[in-house]
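One letter stands for each residue in the lines below.
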Amino acid sequence: MGPQGVGKGTQAARLAETFGIVAISTGDIFRANISGDTELGRTAKSFIDNGELVPDEVTNAMVRDRLAQPDVTDGFLLDGYPRNAAQVAELDGILTDLGWELDGVIELTAQREELLTRLEKRAQEEGRTDDTPEAIKKRLDIYDTETAPLTAAYAERGLLVKVDGVGEISEVTDRIVSSLGAQLG
């Protein structure tokens, strides 16, 4: 978990390789549906292009379907999900249905100015239509009000590992692995 631009996608890929598990990014799922011009992709694109988050029912259905795939049976890492309390409840239900439990939740942190700088750079380098200055600020505000409070709930469950997301990529990965080791034993 963490705000947009904190490095979740980068770290998810590195952690998936480190632990031999699958990284599941809701952003990647959205982009695959959009590039495939599926009905779901067209729906998701309309929200993304307006700088809005894709509605829960669409996101939840995509995550449920993805977690039902055979490549996740040895473990997985979710990137960008859950984003709000309803999605936490849905994820709990999906995991219960599959007979699984969460091992841990990683929260990457960074100051807002750092995030804005990173996202503006990403928009320029990748030409992402969802990274306009207005959309970036709107998504960060949504994160602050809807997603950030979820970390307290995961902390109460004893699942939360908070890690500084600023620094060299390998340093951040090392901090995460070390923190998870301490958390999971």
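Everything in this summary refers to the structure shown in the same document. (Residues numbered from 1 in each chain as written. Predicted model: local features only at pLDDT ≥ 70, side-chain atom pairs only at ≥ 80, totals over all residues. Heavy atoms only, no water.)

### Looking at the nonpolar core
Moving on, step 1. One finds Ile24, Leu67, Phe76, Leu78, Leu91 and Tyr154 to be the most contacted residues of the largest nonpolar core, which totals 25 residues.
Moving on, step 2. Counting residues per element, the ones that place at least two in this core are strand S1 (22–25), helix H2 (26–35), helix H3 (39–49), helix H4 (56–67), strand S2 (76–79), helix H5 (85–98) and helix H8 (150–156).
Moving on, step 3. When neighbours within four sequence positions are excluded, isoleucine 24 is seen to be in contact with Ile29, Arg66, Leu67, Val72, Phe76, Leu77, Leu78 and Asp79.
Moving on, step 4. Counting residues in each nonpolar core, the second largest holds 16 residues, with Leu119, Ile136, Val163 and Val172 among its members. (Core = buried A, V, L, I, M, F, W, Y, C linked by side-chain atoms within 4.5 Å. Buried < 20%, exposed > 50% of the residue type's maximum accessible area, 1.4 Å probe, protein only. Helix = DSSP H or I, 4+ residues; strand = E, 2+ residues; numbered from the N terminus. Contact = heavy atoms within 4.5 Å.)

### Observations regarding helix H6 (residues 112–126)
Moving on, step 1. Across its 15 residues, H6 extends 21 Å between first and last C-alpha, which sits within 8% of the 21 Å expected from 1.5 Å per residue.
Moving on, step 2. The set of residues buried in H6 consists of Leu115, Leu116, Leu119 and Ala123. One side of H6 carries all its buried residues, which in axial view fall inside an arc of 100 degrees. Exposed residues pointing more than 90 degrees away from the buried face of H6 are listed as Glu113, Thr117, Gln124 and Glu125.
Moving on, step 3. Looking at the buried residues of H6, the elements they touch are helix H7 (133–147).
Moving on, step 4. With its phi angle positive at about 60 degrees, glycine 127 sits one or two positions after the end of H6. (Expected span 1.5 Å × (residues − 1). Arc of directions from axis to C-beta.)

### Quick word on the pattern of salt bridges
Moving on, step 1. This model, assessed by the stated rule, comprises 13 salt bridges.
Moving on, step 2. Notably, a salt bridge pairs glutamate 107 with lysine 162, separated by 3.9 Å at the nearest N-O pair. Taken together, the residues glutamate 107 in strand S3 (residues 105–109) and lysine 162 in strand S4 (residues 160–164) connect sequence positions 55 residues apart.
Moving on, step 3. What emerges from the salt-bridge pattern is a single network uniting Arg64, Glu90 and Asp97. (Salt bridge = Lys/Arg side-chain N within 4 Å of Asp/Glu carboxyl O.)

### Remarks on H4
Moving on, step 1. Compared with an ideal rise of 1.5 Å per residue, which puts twelve residues at 16 Å, H4 spans 16 Å between its outermost C-alpha atoms and is within 8% of the ideal.
Moving on, step 2. Where H4 is concerned, the buried positions are Val58, Thr59, Asn60, Met62, Val63, Arg66 and Leu67.
Moving on, step 3. For H4, the secondary structure elements touched by its buried residues are S1, H2, H3, S2 and H5.

### Structural notes on the packing of aromatic side chains
Moving on, step 1. Tallied over the full model, the rule gives one aromatic pair.
Moving on, step 2. Ring centres of phenylalanine 76 and tryptophan 100 lie 5.7 Å apart, and the angle between their planes is 45 degrees; on these two criteria the pair is classed as tilted. Pair noted here: phenylalanine 76 is in strand S2 and tryptophan 100 is in the loop between H5 and S3, with a separation of 24 residues, a long-range link. (Phe/Tyr/Trp six-rings, centres within 6.5 Å; stacked < 30°, edge-to-face > 60°.)

Read these as spatial facts, not as claims about activity.
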